[in-house]
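Secondary and tertiary structure notes
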Amino acid sequence: DEDGMVGGRRRREMKGDEESEVRGRGRRRDQVSVRDLDGRQQNADMKDRDVRADDRRAHSQSLQEVGGASKFLLLFLFLTVVTAVSKPKEVTSKTPTPLHVWYYGWLAAICTGMGALPFLFLSKPSGFILGVSNAVAAGMMLSASYSLAYEGWELEDDGLVILRMRVSHAHRVSLGVMLGVAFVLVTKRMVETWDQLHFGDISGMQASKIILIVAVMTLHSFAEGLGIGVAFCGKGGAHLGAFISMSLAVHNIPEGLAVALVLAPRGVPKFQTLVLAIISSLPQPVIAVPVFLFVENFIAWEPVGLGFAAGAMLWVAVFELILDALKEIPIETCSMSMSCSFVAMMAISSWIDVST
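Each chain has its residues counted from 1, running along the sequence as written. This being a predicted model, a pLDDT of at least 70 is required before a residue's local features are given, and a value of 80 or more before pairs of side-chain atoms are given or counted; all residues contribute to the totals for chains, interfaces and linings. Only hydrogens and water are set aside when side-chain values are computed; all heavy atoms of the structure are taken into account.

1. Some remarks on the overall build of the protein
Applied cut-off: In this description a helix means any DSSP run of H or I spanning at least four residues, a strand means any run of E spanning at least two, and both kinds are numbered starting from the N terminus. What sets the accessible areas is the Shrake-Rupley method with a 1.4 Å probe; for residues, cover comes only from the shown protein chains.
The number of helices and strands found in the protein is 12 helices and four strands. Of the roughly 20,400 Å² of accessible surface on the protein, 64% is carried by carbon and sulfur atoms.

Next up, the structure:
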């Protein structure tokens, strides 16, 4: 009997263990099912969040594209309105007025933006493209520097005498070159001390370099505006002034390209690149009008202004752009790019001289 009772207890215990094991397996299956359900739910939630994030990015990008397009449209409308309002009743006249001078200087200035147009269709370039862009811009600036200095050197002798000493155009151009180099050095040192300097999303040395180059290109336009104002006072009147202005308009297109070659590869937004290219030439109409009105007070200093612009551009080309180019590309590629752009600019200048 005792053996029977012990056997019965063992069978009951074994049956209880089996039932416990079955219940345990059921609980584990339920837990696995719950975990699988939770995992599937989490994956679905993650996919849903990703879809919403993609939708937000697409919406934001579309808004940026619409906003960018509206900016370009507003800029185009502004330039069109100013051009229409500035246009004189008679485009050419034997007796030009300040409005004629402004109008032709304005047309020459806005043509600078045409040089920046190709960069509206380019994405952020590689280091190689950045180096080539710097080299090409340097060649253009060297050509412009030479042309400005040569123009000041070849001006008609006015017999200026200061302190009983005759001051030739060569002396005045040389003085202007030294003042231009000194201006760039002082400006560069001042800008580099601004630790928190920002240019949009760009900061530090790149921001200071952009500001320096834009400032130099803008200053050089003062000398060209002086030339426009003086041209309208010559014997040819509005006809000569129109020829000079249109030649500068053609010349400004590659200069706008030179500005864009410096700005766009460094991350400046496309719209800002276009605006800054145009702004760099706005001093042309601004300075041309007072020069036209008070030519006797300006003409003696035209060689100094031309030399000033030449010296500033020379320093920036040699000690900024060429050095930056050599950090990205071999010296052979840099020399070839710079030489080709220099020759191309000189050819354009020669063609303009022959045409006008």
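2. Section: the pattern of salt bridges
Quick note on the threshold: Salt bridges are defined as contacts in which a side-chain nitrogen from Lys or Arg sits within 4 Å of a carboxyl oxygen from Asp or Glu.
Across all of its chains, the model carries one salt bridge by this definition. Salt-bridge contacts for Lys-327 lead to Asp-324; the nearest nitrogen and oxygen are separated by 3.7 Å.

3. Some details on a nonpolar patch on the surface
As a reminder, the rule being used: What goes into a patch is any residue over 30% in relative accessible area without a salt bridge, connected to like charges within 9 Å or, for nonpolar side chains (Val, Leu, Ile, Met, Phe, Trp, Tyr), within 5 Å.
Where nonpolar side chains cluster on the molecular surface, the patch consists of Leu-73, Leu-74, Phe-76 and Leu-77 and spans about 430 Å² of accessible area. Locating Leu-77 in the fold gives a position in helix H1 (residues 2-86).

4. Focus: the nonpolar core
What counts is decided by this rule: Buried Ala, Val, Leu, Ile, Met, Phe, Trp, Tyr and Cys residues that are joined via side-chain atoms within 4.5 Å together make up what is termed a nonpolar core. Buried means the residue's accessible area, taken with a 1.4 Å probe over protein chains only, is under 20% of the maximum for its type, while exposed means over 50%, and partly exposed covers the values in between. Whether two residues are in contact is decided by their heavy atoms, any of which lying within 4.5 Å being enough.
Ranked by internal contacts, the top residues of the largest apolar core, which has 66 residues, are Met-141, Val-316 and Leu-321. The biggest single contributor to this core is helix H11 (residues 302-326), with 11 residues. Beyond its immediate stretch of four places on either side in the chain, Met-141 contacts Ile-213, Met-217, Met-313, Val-316, Ala-317 and Leu-321. Core analysis: the next-biggest nonpolar cluster, separate from the first, contains five residues, Leu-226, Ile-287, Val-291 and Val-295 among them.

5. Remarks on the confidence of the model for the protein
Rules: By definition, pLDDT measures how confident the predictor is in each residue, and it falls between 0 and 100.
With 72% of its residues at a pLDDT of 70 or more, the protein shows a mean pLDDT of 76. A low-confidence stretch, residues 61-66 (pLDDT under 50), is modelled with zero contacts involving residues beyond four sequence positions or located in other chains.

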